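One-letter residues, chain by chain:
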Amino acid sequence: MQVHKGCRREKRTKTDYPPQDEDARSDVTEGADDDEQMYEGEYQGIPHPDEIKEARRAARLEARRKARQAAQQEEEEENLPEQYEAIMEDCGHGRFQWMLFFVLGLALMADGVDGFVVGFVLPSAEKDMCISNSDKGLLGLLVYVSMMVGALVWGGLCDKMGRRKCLIYVLTIDLVFSFLSCFAQGYGFFLFFRFCSGFGIGGSIPIVYTYFTEFLQMDKRGEHLSWLCMFWMLGGLYASFTAWGIIPHYGWGFAIGTEFQIHSWRIFILVCLFPALAALVGVIFMPESPRFLLESARHDEAWMVLRRVHDTNWKAKGEPERVFTATNIKTPQTQEDEFIEIQSDTGTAFQRWTVRHMTMLQQVMANIMSLSAPELRLQGLFLVIVWFCLAFSYHGLGVWFPDMIKYMQYEEYESKVKVFHRERVEHFHFNFSLVNQIHREGEYIHDKFANIEIKSVKFEDSLFENCYFEDVRSTSTFFENCTIKNTVFYNTDFWQEKFKDCQMENTTFLHPKKGCHLNFEVENDIVIYMVSFLGSLAVLPGNIISALFMDKIGRIRIIGGSMLVSSACTFLLLLSFSQGAVICWQCLFYGTSVAAWNGLQVISVELYPSSKRGTAFGILNGICKFAAILACSIFAAFIGITKIIPIFLAFAALVCGGLVALKLPETREKILT
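Cut-offs applied
Residues numbered from 1 in each chain as written. Predicted model: local features only at pLDDT ≥ 70, side-chain atom pairs only at ≥ 80, totals over all residues. Heavy atoms only, no water. UniProt positions renumbered as here; feature names shortened; annotations may be inferred. Pairing = 2+ DSSP bridges. Helix = DSSP H or I, 4+ residues; strand = E, 2+ residues; numbered from the N terminus. Axes fitted to C-alpha atoms, helices over the stretch in contact; angles between N-to-C directions. Buried < 20%, exposed > 50% of the residue type's maximum accessible area, 1.4 Å probe, protein only. Parallel < 35°, antiparallel > 145°, perpendicular 65-115°, else oblique. Left-handed = near helix turned anticlockwise from the far one by under 90°. Contact = heavy atoms within 4.5 Å. Phe/Tyr/Trp six-rings, centres within 6.5 Å; stacked < 30°, edge-to-face > 60°. Lys NZ or Arg CZ within 6 Å of the ring centre and 35° of its normal.

For the chain, an unreviewed UniProt entry supplies the name Major facilitator superfamily (MFS) profile domain-containing protein and the organism Perca fluviatilis. The annotation that UniProt attaches to the chain under Sequence similarities (unreviewed entry) is "Belongs to the major facilitator superfamily." The record held by UniProt for the chain lists under Subcellular location (unreviewed entry) the comment "Cytoplasmic vesicle, Secretory vesicle, Synaptic vesicle membrane".

Draft legend 1. Representation of the sheet that holds strand S17 (residues 503–505) within the structure. Strand order in the open sheet formed by five strands is S4-S7-S10-S14-S17, with parallel pairing between adjacent strands. Of all strands in the sheet, those bounded by a partner on one side alone are strand S4 (424–426) and S17. Mean inter-strand twist for the sheet, computed between neighbouring axes without regard to direction, equals 5°. With three bridges connecting them, strand S7 (residues 443–445) and strand S10 (residues 463–465) associate as parallel partners.

Draft legend 2. The arrangement of the pairing of strand S6 (residues 434–440) in detail. Within S6, five of the seven residues are buried, which leaves it mostly tucked inside the rest of the structure. Two elements, strand S3 (residues 418–421) and S6, share four bridges in a ladder whose sense is parallel. Bridge pairing in S6 places phenylalanine 420 opposite histidine 439. When S6 meets strand S9 (residues 453–460), the two strands line up parallel, connected through six bridges. Pairing of histidine 439 across the sheet is with phenylalanine 459, part of S9.

Draft legend 3. Fine view of the sheet that holds strand S11 (residues 468–470). Spatially, S5-S8-S11-S15-S18 is the arrangement adopted by the five strands of the open sheet, whose pairing is parallel. The open sheet has two edge strands with one neighbour each: strand S5 (429–430) and strand S18 (508–510). The sheet contact formed by strand S15 (residues 488–490) and S18 spans three bridges and is parallel. Looking across to S18, one finds that tyrosine 490 is bridged to leucine 510.

Draft legend 4. Just the packing of helix H3 (residues 95–128) against helix H6 (residues 187–201), in detail. Viewed as axis vectors pointing N to C, H3 and H6 meet at an angle of 150°, and their least axial separation amounts to 10 Å. One element, H3, and the other, H6, form an angle in the roughly antiparallel class. As H3 packs across H6, the resulting crossing turns out to be left-handed. Residues Ala107, Ala110, Asp111, Asp114, Val117 and Val118 of H3 pack against Arg194, Ser197 and Ile201 of H6.

Draft legend 5. Inspection of the packing of aromatic side chains at higher detail. Summed over the entire model, instances satisfying the criterion amount to 54 aromatic pairs. Centroid distance phenylalanine 464 to phenylalanine 479: 5.5 Å. Interplanar angle 70°. Geometry classified as edge-to-face. Remark: phenylalanine 479 occurs in strand S13 (residues 478–480) and phenylalanine 464 occurs in strand S10; sequence separation between them is 15 residues. Here the guanidinium or amino end of arginine 322 rests over the ring plane of tryptophan 314, the centre of that ring lying 3.8 Å away. Directly above the aromatic system of phenylalanine 478 lies the positively charged group of lysine 500, at a separation of 4.5 Å from the ring centroid.

Quick look at the structure:
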């Protein structure tokens, strides 16, 4: 019973307290229930374990997604070269490639012409514009510098803007500024226009080879790229032949007023624009490289171009019914492309232009930096060495050959100089030219010099009294330590610099000729044109041999063998004791070394992937121009001093480059990556 009473008492105790209202609940338990309890660590900023698990789960899913995307992208990129090669084989090699071959060949020919223009016009331009020796050297230097910069800039841009578009820009810049240089009367403007022209045409070589390579199938690349190299030879032949036929004809010029003179050397520059103009017209009708379009994720455009190549070739072969079977050509879109597309729909027109071009600049710089990747570093170093060595020897000897011939001519001319000592001439009329003479301690009293030419004449310690000079033209003529009294110079080109330490008394200069005298018989010796013409023609056999055997024996053997054979030819230059011998060894050297150039240009476009091909070739071509600048300055310094040092330098460079070339990978059966 007590137990029951206790139970009842306990039960009663529980019921003694009335139930509490909802508002009377403690503040501590307010808002808390059994299902949603507050995590204590939240007050300390510690994430809930469930949140940590969820974040880890999301990170794993994102990592898997990215891995699948990367694997898919890598697989597509690995499949693209084989797919593209199969498509090019299906398109065949025919009319389209040959049309592109001639168009791009004209662009390469324009570059070859530009390399000869300055050398041919300089003897006349320095007289026409009174260019000093230091300024003359500056012109040749700046042209090479501008071509070096152009190769670097346009090579990088063609990987981002497109091969066709950049080639149009390059040819347009060359045409505009070359045309303006024809009419530049001052040396400063002429220098500026030639610099801009060089900047334009300097980018043609990297673009042309990259452009043409991407339209060729693997078994056609070596041969047809070698045939393309022949257009550079044709550029040299064209420049030499037209210079020979135009520049010496002084009467072919014309004048606009008294200050604006257009001499024949300016007409020669105009004629040299024809290859670039023809190339520009042709490129406008050519399509963009489909490989570049695919790399830029422009699949539909690439498909249309490839179909055009296919239909053009098979229609020309009499099979117009053949159908282009490629239906799915896909490459992944890059982050840079997405970034540009996003930004293209925002901001003002100027902001969009700025974003696009700044992004493009960043991509070009990233492309340049990516060339130092481990898989490209070693082969890139070998290529740089071979390019530098070949360019150093080739361009160095290219300067040495004509300069050596000029020096031999000068020595021969000096050996025939006539010396007159203490002659006295009174009341005499000089109506005949004075050529290659030295007059020492002479006396000329009441003499008249009228309507004559004085060429390579020096008057030393002589007296001119009561003399009269009228309509006199002079070349390399000077008066040293002379006394000139009561003498009149009327309509002559005797300037102050031609009188060295002379004493003048009552001397008058009337109507002096403006500008410098042009003597085309002296300044434009046909031997120089003949040397350039024969040197350009001599590479024809080497071009043919390299084109026929490039795909049979391989690029490496062509490059190494050609450079080593050329190095042996340099020793024959020690036997060059006459102008004829120099010309003979020049032709032999050019004929053997051209195969190395062809092989080097072929392997340079095959080693690098499509997204970096133009950038890499531009850098290599820029190094070539730098080597040319260095070699020209070194080799020219030894003219008339010794032949041994230039020959040894050329030999060492060729041997070094030839041996390093044997370390390069063979690309004969390499699919463009």
